[in-house]
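What follows is each chain in one-letter form.
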Amino acid sequence: MLQKVKCDLCGSIDQKDIFISKKINNSRPYFITESLSLPHRISRCNNCGFIFAIPSEDISVFLDAYAKMVDEKYIEEEYGRRLSARSILKKLDKFKGSGNKLLDIGCCTGFLLYEARNMGWDTFGVELSIWASRYATERFNLKIYNMPLEKANFPNEYFDIIIMQDTIEHLQHPRQTLLEANRILKTNGILYINTPDIESFTSKILHAKWWGINQFHLYYFSKRSLNKILNLSGFVVLGYDSYVRIFTLDYWSERFKDYNSIIYRILKLITKIRVIKKSFLRINLRDQIEVF
């Protein structure tokens, strides 16, 4: 009999499997830049519709993988990631009031925090990866807490802006983390989240080959489920947008390796020209939600 787990959104155990992988990759290291690492099972709650993964291993295996994560390919795309960070911060800058404290949960190597500090924010980061935390601290001299958010013990109503970029889908208990974020965010503060959109056109077309289906993604959000979990956690949704990714042509060509061999070979030929290889492309697939 297949294991059932309690829905993190409504608490129900009435669920239906919508995906079961024929191949289980247990105890794999975690890489942010990895493509198509399929989870064991994905289920949908029959009560509220929330979609979540049911791992084949204990959650401690995932937490250990996050702590041990080293991904050198991630920093190869530093400039593009910093451009993306600036676009997020420009959207958030209009909410900037008298306070200037900003927290990035799952800040990785600190590229966003570095850009935020340059824009006048007093920055803090929370990151589980020992390697990424050390990189952010040593290279940018940032204030990084190498621990889960709940263990950082920030004061009540301390931050003006909290950012969760590509983070909420990895959390063991997202509602618990959102409640903690609510506690430490000022009453008129802003929470920013971006996460893959399981109800996007790209997701529906690609199914299990969609990049958002990942062994280390424990939850799969849509606007509907984000609305529900944010409202239950004490937040009011101000609006949605779609996230624009900025990477080199060389990086994008590698993404096509698992999707279309013809396009991949064409792009690899083009990227033999060094100037083109390092040129940046802004692509909006409309499959990544931004919510404020």
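For the structure, see preceding data.
Residues numbered from 1 in each chain as written. Predicted model: local features only at pLDDT ≥ 70, side-chain atom pairs only at ≥ 80, totals over all residues. Heavy atoms only, no water.

Colleague: Help me out: how do you make sense of the packing of helix α4 (residues 111-118) against helix α5 (residues 130-140) in this one?
Modeller: When two helices pack together, their arrangement is given by the angle between their axes and by how far apart the axes lie. Relative orientation of the contacting elements α4 and α5 amounts to 30 degrees, with a least axis distance of 10 Å. Where α4 crosses over α5, the handedness of that crossing is right-handed. Where α4 approaches α5, its residues Phe-111, Tyr-114 and Arg-117 are matched on the opposing element by Tyr-135, Arg-139 and Phe-140. Considering only residue class, the contact of α4 with α5 consists of four nonpolar, no polar and two charged. (Axes fitted to C-alpha atoms, helices over the stretch in contact; angles between N-to-C directions. Helix = DSSP H or I, 4+ residues; strand = E, 2+ residues; numbered from the N terminus. Left-handed = near helix turned anticlockwise from the far one by under 90°. Contact = heavy atoms within 4.5 Å. Nonpolar A, V, L, I, M, F, W, Y, C, P; charged D, E, K, R; others polar.)

Colleague: What exactly am I supposed to notice about the pairing of strand β7 (residues 159-165) here?
Modeller: The side chains of a regular strand alternate between both faces of the sheet. Within β7, seven of the seven residues are buried, which leaves it mostly tucked inside the rest of the structure. With three bridges joining them, strand β4 (residues 101-105) and β7 adopt parallel strand pairing. Paired with Asp-104 across the strands is Ile-163, a residue of β7. In this structure, β7 lies alongside strand β8 (residues 185-196), joined through six bridges in parallel fashion. The partner of Ile-163 across the bridge, within β8, is Tyr-192. A crossover links β7 with its parallel partner β8, the connecting element being helix α7 (residues 174-184), and its sense is right-handed. (Buried < 20%, exposed > 50% of the residue type's maximum accessible area, 1.4 Å probe, protein only. Pairing = 2+ DSSP bridges. Right-handed = clockwise from strand over helix to strand, strands pointing away.)

Colleague: Looking at this model, I keep getting lost on the nonpolar core. Mind explaining?
Modeller: Nonpolar side chains tend toward joint burial in soluble globular proteins. With 67 residues, the main nonpolar core has Leu-102, Leu-103, Phe-154, Ile-162, Leu-178, Leu-191 and Leu-230 as its most contacted residues. Discounting residues that sit within four places of it in the chain, Leu-230 has contacts with Leu-178, Leu-191, Ile-193, Phe-235, Val-237 and Val-291. (Core = buried A, V, L, I, M, F, W, Y, C linked by side-chain atoms within 4.5 Å.)

Colleague: Mind showing me how you'd approach the sheet that holds strand β3 (residues 51-54) here?
Modeller: For sheets, the rule is that strands pair by backbone hydrogen bonds, running either parallel or antiparallel. Within the open sheet, the four strands sit side by side as β1-β2-β3-β9. Their pairing is antiparallel. Bordering the open sheet on either side are β1 (15-20) and β9 (219-220), each of which pairs with just one other strand. As judged from the five bridges shared by β1 and strand β2 (residues 41-45), these two strands associate in the antiparallel manner. Bridge pairing links Ile-20 to Arg-41 in β2.

Colleague: Help me understand the sheet that holds β7, please; the structure alone is not making it clear to me.
Modeller: Here we have seven strands laid out as an open sheet, ordered β6-β5-β4-β7-β8-β13-β10, and mixed in their pairing. Of all the strands in the sheet, the pair left with one neighbour each is β6 (144-145) and β10 (240-242).

Colleague: I'm lost on the packing of aromatic side chains in this one. Help?
Modeller: Aromatic rings considered in pairs are described by the distance between their centres and by the relative angle of their planes. Tallying each qualifying case throughout the model produces 22 aromatic pairs. Ring centres of Tyr-30 and Phe-216 lie 4.9 Å apart, and the angle between their planes is 50 degrees; on these two criteria the pair is classed as tilted. With a gap of 186 residues between them, Tyr-30 in the loop between β1 and β2 and Phe-216 in the loop between α8 (201-206) and β9 connect regions that are remote in the sequence. For Phe-216, a relative accessible area of 3% translates into the label buried. Among the aromatic side chains, those forming a connected cluster through ring pairs are Tyr-74, Phe-111, Tyr-114, Trp-131, Tyr-135 and Phe-140. A cation over an aromatic ring shows up here: Lys-143 above the ring of Phe-124, its NZ or CZ 4.1 Å from the ring centre. (Phe/Tyr/Trp six-rings, centres within 6.5 Å; stacked < 30°, edge-to-face > 60°. Lys NZ or Arg CZ within 6 Å of the ring centre and 35° of its normal.)

Colleague: Would you take a moment to explain the pattern of salt bridges for this structure?
Modeller: A side chain of one charge can pair with a side chain of the opposite charge when the charged atoms of the two come close. Enumeration over the complete set of coordinates arrives at 14 salt bridges. The partner of Arg-41 in a salt bridge is Asp-17, with the nearest N and O atoms 3.0 Å apart. Here Asp-17 lies in strand β1 and Arg-41 lies in strand β2, a separation of 24 residues in the sequence. Of the charged contacts in the structure, one is a salt bridge between Arg-86 and Glu-115, with a shortest N-O distance of 2.9 Å. With Arg-86 in helix α3 (residues 78-93) and Glu-115 in helix α4, this pair connects stretches of sequence that are 29 residues apart. When salt bridges with common partners are traced through the structure, they connect Glu-78, Arg-82, Arg-86, Glu-115 and Arg-139 into a single cluster. (Salt bridge = Lys/Arg side-chain N within 4 Å of Asp/Glu carboxyl O.)

In short, geometric facts, not functional conclusions.
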